[in-house]
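# Remarks on the overall topology
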Amino acid sequence: MSNVVMGEEAKAALLEAINLVADAVEGTLGPQARTVLVTHPERPPTVLNDGVKIVSAVQSDKPAVQAAVQLFRQAALEAQQASGDGTTTATLLARAICNAYADHPNKVRAAEEIAKLTEETVEYIERQSDEIDFDALTDDDEWEKLEQRLKFVASVAANNDEYLGELVAEIFTELGPDALVNLKVGSLDHTIWSKALGTSVPTTFVSPMFCNTNRRTVEYHDPLFLLTQTVIEEFEDLMPALEIAVENNRPLIVICQDIKGVALSNLIANHVGGVVKACAIKVPYADPLAWIEDIQALVGGKNFFDAEGHTIADVVAGSKMLGSADTIKITETETVIVAGEVGKELLPHHVLGLQKQAASANHSFNKEKLLIRVARLNSKIANIHIGGFSEAEIREKRERVDDAVNATRLAMKGGTVHGAGVTLARRTTVTERPESPRNERWEKVLLEPVRVLTKNAGSEQSLADIRKLFVQKHYYKNLHEADFYIETQDTVNVYDATLVLVNSLKAAASIARLMLLTDRIVLVGEQ
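Residues numbered from 1 in each chain as written. Predicted model: local features only at pLDDT ≥ 70, side-chain atom pairs only at ≥ 80, totals over all residues. Heavy atoms only, no water.

### Some details on the overall build of the protein
Heads up, the rule is: Helix and strand labels come from DSSP, where a helix needs a run of H or I of at least four residues and a strand needs a run of E of at least two; each type is numbered from the N terminus. For each residue, the accessible area found with a 1.4 Å probe, counting protein chains only, is set against the maximum for its type, and the residue is called buried under 20%, exposed over 50%, and partly exposed in between. Whether two residues touch is decided by their heavy atoms; if any such pair falls within 4.5 Å, the residues are in contact.
The helix and strand inventory of the protein stands at 19 helices and 20 strands. Across the 527 residues that make up the protein, the buried fraction comes to 52%. At a minimum sequence separation of 6, the contacts of the protein that also span at least 24 residues come to 76%.

Structure below.
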């Protein structure tokens, strides 16, 4: 029996897969959203509202469908990578595109049409975007309006949790658009935030194999740090520090000039095998000595450098040779370290020393470099302490807070548009698209978010009714009250971050084009 699935059978498997994935996350969209219970083989089930984690758990007992499911996971993952939010919308739009163009007679032309229409729609969304300019804010009224606008964005991203939306908006209006946000488990039954010390380092993990989240990030609480300006090539040199990490059940972060060969491969193997939680990152190439000094002031510990006659193989437990921090989060673009007790003690003295050096610097170039270091060590960081009565509640709330933070940050970067599917739906009206001929297939795609939102609110609407519904200003209110009727004016404001919507549409179109151009599935290892 062949392991190649082709023709109509392959196309059917692809459509079944995208519908299976979208059906799993569909109910998590909108103010009347529901959660999803996901089971795990070796631990208790979790209640989720996060699109990426739900999609990652979807499986099919049909090999061809399962292969396609893995492909469609990319729509959610790409949206998550680009925005940190919008994964459910991306998945639903991908399904809508696939179903709308499944019967198109020429799949190559269909893919070209999708690419063209996506580009036109993105341009339309960007024209509708209302930018946020912090520098233009001049009085208290304007700041209050901005906070309300950010609250709307954050609340929608947090599944219409107004308390969380207000909290996130308060953080960014108080600390500014460049604020770094760290999520941690709180000790109360409700969520609060506090200011923290820390910095962002422009470096990332040396290998994605170190990632420990579905977002392709490395996130640890109470990590140990091994600092060195050398290149690590021998795994035996890492053994003393790794043994200390294992004995104390703490993750180890290795910060070095470079790590390669046996040292890197064995560190990855031990991490993936569950022997030790670890990650290696490189010191930034620009001014590495300054970065090492600043990181050392943040985490403590010893900077191992061969010229001093010490190596990382000399690490001894209890000698304060390893640093520590409250938390670390490593993404594909940056590493955010939040200081623990050691950093809180060392960092102010280090910053004061840099300020004194800048004041006495003879050359403006040296003074500027020192002041840049002071600024990055004075980064505005907020700790959000996630509260709840149970671990399951805290996990679920953490995902919503993370979405709210990412959406709000992108709103400040790229502006906002009308939310709840309205911006895409308005694109289907004749007055909004004079430059393009009407396209029934694409209109179904653009109306999909409104269709799902109204369905989740308990009102199955026909396509004709949906065309009328989104222009009714009672639409927002009805979504919240799950009570649909055709009314006239309503002034409720609901906003989405422009970049979240744009990235969701681009990710959906990318995956849908791949599906349309695929008519063979080769199942390696399957019969």
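### Focus on the sheet that holds strand β7 (residues 218-221)
The cut-off we apply is this: Pairs of strands are assigned from DSSP output, requiring at least two bridges between the strands. Axis definition: a line fitted to C-alpha atoms, over the contacting stretch in the case of helices. Angles run 0 to 180 degrees between N-to-C directions.
An order of β6-β16-β15-β7 is seen for the four strands of this open sheet, with the pairing classed as antiparallel. Both outer strands of the open sheet, β6 (198-201) and β7, are each paired with one neighbouring strand and no more. The mean inter-strand angle of the sheet, taken between neighbouring strand axes irrespective of direction, is 10°. Across four bridges, the pairing between strand β15 (residues 327-330) and strand β16 (residues 335-338) is antiparallel. Paired with T327 across the strands is V338, a residue of β16.

### Describing the side chain of R373
Considering the arrangement of structural elements, one finds R373 in helix α12 (residues 364-377). Among the residues examined, R373 registers a relative accessible area of 9% and is labelled buried. Once residues lying within four places of it in the same chain are set aside, the contact partners of R373 are A290, E293, D294, H350 and L354.

### Focus on the layout of surface pockets
Stated precisely, the cut-off is as follows: Of the grid points, spaced at 1 Å and generated over the protein atoms alone, those admitting a 1.4 Å probe that cannot get out make up cavities, while open sets with protein on both sides within 12 Å along at least five of seven lines make up pockets; any residue with an atom within 4 Å of a point is treated as lining. Grid points are joined across faces, edges and corners, and a volume is the space filled by probe spheres set on the points. Under the scheme applied, nonpolar residues are Ala, Val, Leu, Ile, Met, Phe, Trp, Tyr, Cys and Pro; charged residues are Asp, Glu, Lys and Arg; polar residues are all the others, including Gly.
Each pocket or cavity is described by its volume, and for the second largest pocket that value is around 290 Å³. Contributing to the lining of the second largest pocket are 17 residues, with L224, K320, M321, L322 and G323 lying nearest its centre. Of the residues belonging to the lining of the second largest pocket, the class tally is eight nonpolar, seven polar and two charged.

### Looking at the confidence of the model for the protein
Rules: The predictor's confidence in any single residue is recorded as pLDDT, a number from 0 to 100.
Within the protein, residue pLDDT values average 83, and 88% of them lie at 70 or more. Looking over the protein, one finds the lowest element-wise mean pLDDT in helix α18 (residues 475-481), namely 51, and the highest in strand β12 (residues 278-282), namely 95. Here residues 482-492 is a poorly scored stretch, pLDDT under 50, and it has 26 contacts once near neighbours within four places are set aside; other chains count.

### Some remarks on the nonpolar core
Quick note on the threshold: What is meant by a nonpolar core is a set of buried Ala, Val, Leu, Ile, Met, Phe, Trp, Tyr and Cys residues, joined one to another through side-chain atoms within 4.5 Å.
Of all hydrophobic cores here, the largest spans 55 residues; its most connected members are F225, L226, L238, I255, I259 and I337. With six residues, the top contributor of residues to this core is helix α10 (residues 288-299). Each residue touching I255, except ones within four places of it in the same chain, is listed here: F225, L226, L227, T228, I281, V283, I292 and I295. With 48 residues, the next largest nonpolar core counts I18, A64, A94 and M515 among its residues.

### Brief notes about helix α19 (residues 498-516)
Basically, it comes down to this: One fewer than the residue count of a helix, multiplied by 1.5 Å, yields its expected span.
With 19 residues, α19 extends 27 Å from end C-alpha to end C-alpha; this agrees with the ideal 27 Å at 1.5 Å per step. Most of α19 sits inside the fold, with 14 of its 19 residues counted as buried.

### Re unusual backbone geometry
At N249, a position not held by glycine, the phi torsion is positive, near 50°. The exposed category is assigned to N249, whose relative accessible area is 66%. The phi dihedral of D287 is positive, around 55°, even though this residue is not glycine. The topology assignment puts D287 in the loop between β12 and α10. For D287, a relative accessible area of 34% puts it in the partly exposed group.

### So, the sheet that holds strand β17 (residues 381-386)
Note: strands within a sheet are paired through backbone hydrogen bonds, in either parallel or antiparallel orientation. Read from one edge of the open sheet, three strands run β4-β17-β5, paired in mixed fashion. Single-partner strands in this sheet number two, and they are β4 (180-185) and β5 (192-196). The sheet shows a mean angle of 30° between the axes of neighbouring strands, direction not considered. Bridge count between β5 and β17: five bridges; the pairing is antiparallel. If you follow K195 over to β17, its bridge partner there is A382. Helix α7 (residues 162-175) contacts β4, β5 and β17 of the sheet and is inclined by roughly 20° relative to β5. Most of the contacts of helix α13 (residues 391-414) go to β4, to which it runs at about 175°, and overall it touches β4 and β17.

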